[in-house]
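These are the residues of each chain, in order.
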Amino acid sequence: MEEFRRGYARLCGAPQGAVLRRLREPPAPASRARLDLAALGLSLETCGALGRLLPGAAPFAEVALGDCGLSEEGAKLLLHGLCSNTTVKTLDLKGNNLRTVGAEALGKLLRQNKSIRSLILEWNSLGVWEEGFSFFCQGLGANNVLQRLDLRNNQINHQGAGELAMALKQNASLQELDLRWNNIGLLGGRALLNCLQSNKTLKRLELAGNNVPSDILKAVETRACSPPLSASEQAMNHNQDRQTILDETQNRTYILTKEVLNLKDEKTKQFMDLMDTIDKQREEIARSGRMSAARASQLQEALDEQHSIMNSLRAKLQMTEAALALSEQKVHNLGELLNATKQEQTSMAERHFTELQQQKQEGADREGKLLRDLSAASDKNLLLRNQVDELEKKCKVQQDQLFQVKQDLTNTTAELKLRAVQAEERLEMEKRRFKQSLEDMESLRLKEVDHMAQHIEASERSMQDRIQRLEAIRIALEEELSRVKAAALTERGQAEEELIKVRNQARLEEQQRLEHLEEKLRLMAEARDEAQNCCLKQKQMVAEAQAKANQLSLHADGLRRRLEELQQDLNSKEEEKVTEVNKVKVELQEQIGHLQAERTAQEGLREKIAALERQLKALSSNHREALLDKESEISMLLEKLRMKEADISRMREEEAQRASFLQNAIMAYVQGSPLGTHGSRK
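Residues numbered from 1 in each chain as written. Predicted model: local features only at pLDDT ≥ 70, side-chain atom pairs only at ≥ 80, totals over all residues. Heavy atoms only, no water.

**Student:** Even after reading the chapter, I still don't get the overall build of the chain, so can you show me in this structure?
**Tutor:** When helices and strands are counted, the chain shows 15 helices and 7 strands. In terms of overall dimensions, the chain is more spread out than a globule: its C-alpha atoms have a radius of gyration of 64 Å, far above the 26 Å expected for 682 residues. Counting only C-alpha atoms, the chain reaches 225 × 60 × 45 Å along its principal axes. Going through the 682 residues of the chain one by one, you find that 26% of them count as buried. Pairs at least 24 residues apart make up 84% of the contacts formed inside the chain by residues separated by at least 6 positions. Of the roughly 45000 Å² of accessible surface on the chain, a fraction of 55% belongs to carbon and sulfur atoms. Of the charged side chains in the chain, 101 are positive and 106 negative; the average position of the first set lies 6 Å away from that of the second. (Helix = DSSP H or I, 4+ residues; strand = E, 2+ residues; numbered from the N terminus. Rg over C-alpha atoms; globule rule 2.2 N^0.38 Å. Buried < 20%, exposed > 50% of the residue type's maximum accessible area, 1.4 Å probe, protein only. Contact = heavy atoms within 4.5 Å. Areas by Shrake-Rupley, 256 points an atom, 1.4 Å probe, with all protein chains shown as cover. Lys, Arg positive; Asp, Glu negative; His and termini not counted. Charge placed at Lys NZ, Arg CZ, Asp CG, Glu CD.)

Pasting the structure below:
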């Protein structure tokens, strides 16, 4: 018992204290295998827990659940657990008002259980609904174990008795059946009497209080109590019955002849008395007719009153049905409205999500395009800057050379004018020496030119190496830019920070490269100064190089024109670069403005989605509360409808009982009147 109590406390969500106390009580010595929970009022959770504990070999041979107020669902759970039980022999369910669901569950129990020998169902309502009681009778017909069945006070009518008779024809184990205090009537009694011809196991059948005639009751008692006989014994008993009946008839004929003779003697005496009695009987009949008419009028008034009550109940039932239909229609409309709102919100959320994805994709594409344009513009700007630097270097070198040549020309012309006379005089003397020195100077100049060419080639190689390094840096920057682009697709903020870092790094590297170029320019200027010093040392030897100087001046003019053209090209390219940079800046600002507008639009969409979600939650909660209220109203209406149906059935049964009582009273009155006694004597 303690193990059973622990199992109940574990399985039941809200165990009842009364049940736990009853299970803690030590069992009596004579009832150690008895589960007694009678008159405790078991809840649905308790019934479910007991239904899970009773299957199999439960430690009880008798289960008493009388007057527990079981609901239909609780009885169903409990009986479902007993279907597979193998130890319970006696089941007591009296006083639980079991109806349709309970009758069906009992039919299933009788069909599946193979251990219950005694079933007590007193004071229930199994016979109210014909379908449920028919299912119960089918289970009884399929059962071959049950020996005792108590169905007292179950409102079983003649149709239920017919179903029960069909079940008794199939049953081969039932020995005692108690049907007292139902409403079986004449037809039900005949059906049960006829079924006893096929049933050979039923020994006791109680039918008292069912408006069954006494002859049928006696026949049922004789057939139920007599043991089964063979064919020869039945024939002998039949012959003996016929002989006894013949003897009785002969004795009755002898007595009747004597009485007839006596009546003939008294006929003349009783004739006058008979006339007096006829007059008295006529008066009594008239008086009884008046009384019966008054009684009939009272009964008719009571019947009319009952009809009016029935009509009012029908009207109330129709009103409740109309209200129920209206509530169901409202529930249906609310469900459709809820489904429509859910579909609209899901479609709106999907549309907003797709728009958001498209906007994100467009923003990512625009940002990638801007980054590509920015990288291309930076590469182009870097290339133009390199070209400008090279051209500026060449222009500076050529300007220095031209300035030096002009200065040399002015100096030489002045010296030539001053020393023209001396030069003429010394021309003959120093012609050979000058030629030798000129050759030496020419060789020195050629060496210097070769040295300068080698130096220029070395500087060009260094510039190419630098260009390659810059190209590698550009490739690395492009790779880094691609990585930044990939990161920008996932997180825009991080991408912007990385872009700012890359720009700062590029500016720093550009500044470093400019500083490096300025350092190289400084070195080139020092080299130029050294070359100028060398030229100053050789000024005295350039007197005869005037023709070459003229050629150099012509070449310098061409170079000047070329420099001016390059300067114009450089100015035009600088202007184009400035316009392109301004255009790129404007485009970047426009794209940034678009992105900010899109971001604000996305934030507005997010706020709208959040507001819609809050509205959806509020609507769903309201609809859920409305549905719960409607379900509670429907359950209350159904309960009221059940109560009204029970009242109607009870009133019908009371009317039938009143009619039967009235019929019995009229028959008794007619039989007890003098006219009835006189007719019986005649």
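**Student:** Mind showing me how you'd approach the side chain of Gln306 here?
**Tutor:** As for its position among the elements, Gln306 is in helix H10 (residues 231-418). Leave out the neighbours within four places in its chain, and Gln306 touches Met651, Glu655 and Arg658.

**Student:** Is there a simple way to think about helix H8 (residues 185-195) in this case?
**Tutor:** In an α-helix, one turn spans 3.6 residues, which is why side chains three or four residues apart end up on the same side. For H8, every residue scored as buried is listed here: Gly185, Gly188, Gly189, Leu192, Leu193 and Cys195. Buried residues of H8 fall within an arc of 165 degrees about the axis and therefore sit on the same side. (Arc of directions from axis to C-beta.)

**Student:** Can you help me understand the pattern of salt bridges in this one?
**Tutor:** Opposite charge on two side chains permits pairing when their charged atoms draw close. This model, assessed by the stated rule, comprises 19 salt bridges. Of the charged contacts, one joins Glu2 and Arg6 as a salt bridge, the two residues approaching to 3.8 Å between their closest N and O atoms. Of the two residues, Glu2 and Arg6 are both situated in helix H1 (residues 2-11); the distance of 4 residues between them amounts to about one turn of the helix. Judged by relative accessible area, which is 47%, Arg6 ranks as partly exposed. (Salt bridge = Lys/Arg side-chain N within 4 Å of Asp/Glu carboxyl O.)

**Student:** Help me out: how do you make sense of the packing of aromatic side chains in this one?
**Tutor:** The relative placement of two aromatic rings is captured by the distance of their centres and the angle of their planes. As enumerated under the stated definition, the model contains 2 aromatic pairs in all. Centroid distance Phe4 to Phe60: 4.9 Å. Interplanar angle 90 degrees. Geometry classified as edge-to-face. Of this pair, Phe4 sits in helix H1 while Phe60 sits in the loop between helix H3 (44-53) and strand S2 (62-64), placing them 56 residues apart in sequence. Each of the two residues, Phe4 as well as Phe60, counts as buried. (Phe/Tyr/Trp six-rings, centres within 6.5 Å; stacked < 30°, edge-to-face > 60°.)

The values are spatial; any link to function lies outside them.
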